[in-house]
Amino acid sequence: MELRTLRYFVAVAEERHFGRAAARLHMSQPPLSRAIRQLEAEVGAALFDRSPTGVGITRVGAVLLDEARALLEQADRVSTRVAAAAGNTNLTIGILGDATDPGITRLAAAYHRQHPEVDIRIRDTDLTDPTCGLKAGLVDVAVTRAPFNDTALIVRELRADPVGAVLRADDPLAHRDHLTLADLAGRRWFQFPDGTDPIWQTYWNGGEPREGPVVRVVQECMQAVLWNGTVGISPLGHTVPEELAAIPLIDMAPSSVVVVWNEGDTNPLIRSFAQAATAAYRDPPRRP
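Before going into details, it helps to say that this report is about the structure given with it. All values reported here derive from a predicted model rather than from experimental measurement. (Residues numbered from 1 in each chain as written. Predicted model: local features only at pLDDT ≥ 70, side-chain atom pairs only at ≥ 80, totals over all residues. Heavy atoms only, no water.)

Leu 167, Leu 179, Leu 184, Ile 233 and Leu 249 are the most contacted members of the largest nonpolar core, which totals 34 residues. Among the secondary structure elements, those contributing two or more residues to this core are strand 5 (141–146), strand 7 (163–168), helix 6 (198–204), helix 7 (218–228), strand 9 (244–248) and strand 10 (255–262). Once residues within four sequence positions are removed from consideration, Leu 179 is found in contact with Ala 165, Leu 167, Leu 173, Leu 184, Ile 247, Pro 248, Leu 249, Ile 250 and Asp 251. (Core = buried A, V, L, I, M, F, W, Y, C linked by side-chain atoms within 4.5 Å. Buried < 20%, exposed > 50% of the residue type's maximum accessible area, 1.4 Å probe, protein only. Helix = DSSP H or I, 4+ residues; strand = E, 2+ residues; numbered from the N terminus. Contact = heavy atoms within 4.5 Å.)

This next bit is on the packing of aromatic side chains. The tally for this structure, following the rule as stated, stands at 7 aromatic pairs. The interplanar angle of 40° and the centroid separation of 6.1 Å between the aromatic rings of Phe 190 and Phe 192 together place this pair among those described as tilted. Look at Phe 190 and you get buried, because its relative accessible area is 5%. Look at Phe 192 and you get buried, because its relative accessible area is 6%. (Phe/Tyr/Trp six-rings, centres within 6.5 Å; stacked < 30°, edge-to-face > 60°.)

Burial analysis of strand 5 places 6 of its 6 residues in the buried class, the great majority of the element. Relative to strand 5, strand 3 (residues 90–95) runs parallel, the two being bridged by 3 bridges. Paired with Ile 95 across the bridge in strand 5 is Val 143. Across 6 bridges, the pairing between strand 5 and strand 10 is antiparallel. Across the sheet, residue Ala 146 finds its bridge partner in strand 10, namely Ser 256. (Pairing = 2+ DSSP bridges.)

The residue after Ala 146, namely Pro 147, is reached through a cis peptide bond having omega 10°. Within the secondary structure, Pro 147 sits in the loop between strand 5 and strand 6 (153–161). A positive phi angle, close to 60°, is found at Arg 16, a residue other than glycine. Secondary-structure assignment places Arg 16 in the loop between helix 1 (3–15) and helix 2 (18–25). Notably, Cys 132 is not glycine yet its phi reads approximately 60°, a positive angle. As for its placement among the helices and strands, Cys 132 is situated in the loop between strand 4 (119–124) and strand 5. Residue classification places Cys 132 among the buried positions, given a relative accessible area of 0%.

Now the structure itself:
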């Protein structure tokens, strides 16, 4: 079994869908399907149960998935150690979001444990560049939020978070169980500076042109809501000051946490980081 084929298999197993797996791998679906069928022929058993809505993993597939993940993690460790021996030990990571996110903290611990020889540099960025400096060459890889212009980038979703409207606690809508975008019509929303990725801006505007104060960082967003009664949008699950309230928006698409890097970048440290990020966000913390 080739490592590349195992990576194909893991992508299908995690996505539970050939189309989504092909998009994640940046390839078309027919060669992916052929590779999986060839792998099944080599194994001598079906790895997936196919259906019109997606795929389910078989008992044999579940066994192979555990082994494939272990093999790929080992291969990434080998690549990382070889890169370190060759003097390539620096990895600059861009982060946009809450640094206390459990996924980020698990990722930091796991990557340091697996690759203590790698010197990590962190670039904490503001809301004006969702790629965290990736397109400008300021970072090697980023953990950020989609959607944004992903041309020439490889994007892997780690988690999808529901979002809510952030309002003053004394706002008439703040005591509702949920809201729709129509409930917020005519309100002022915070805006990002000129030149910000329009896909990114449109998402945080709820899909429509809006007017409101310009902000650059999360704290400015909160202050705009507090001082001006501006509408803000935030992933749910984050703590907001008691003077504010976050109300679920039931008709807005979730905000995806993603790991992203430049297409064609062959730095093995990036692949090992992406693998560690996928595992850190996939596996919940173990309770004692």
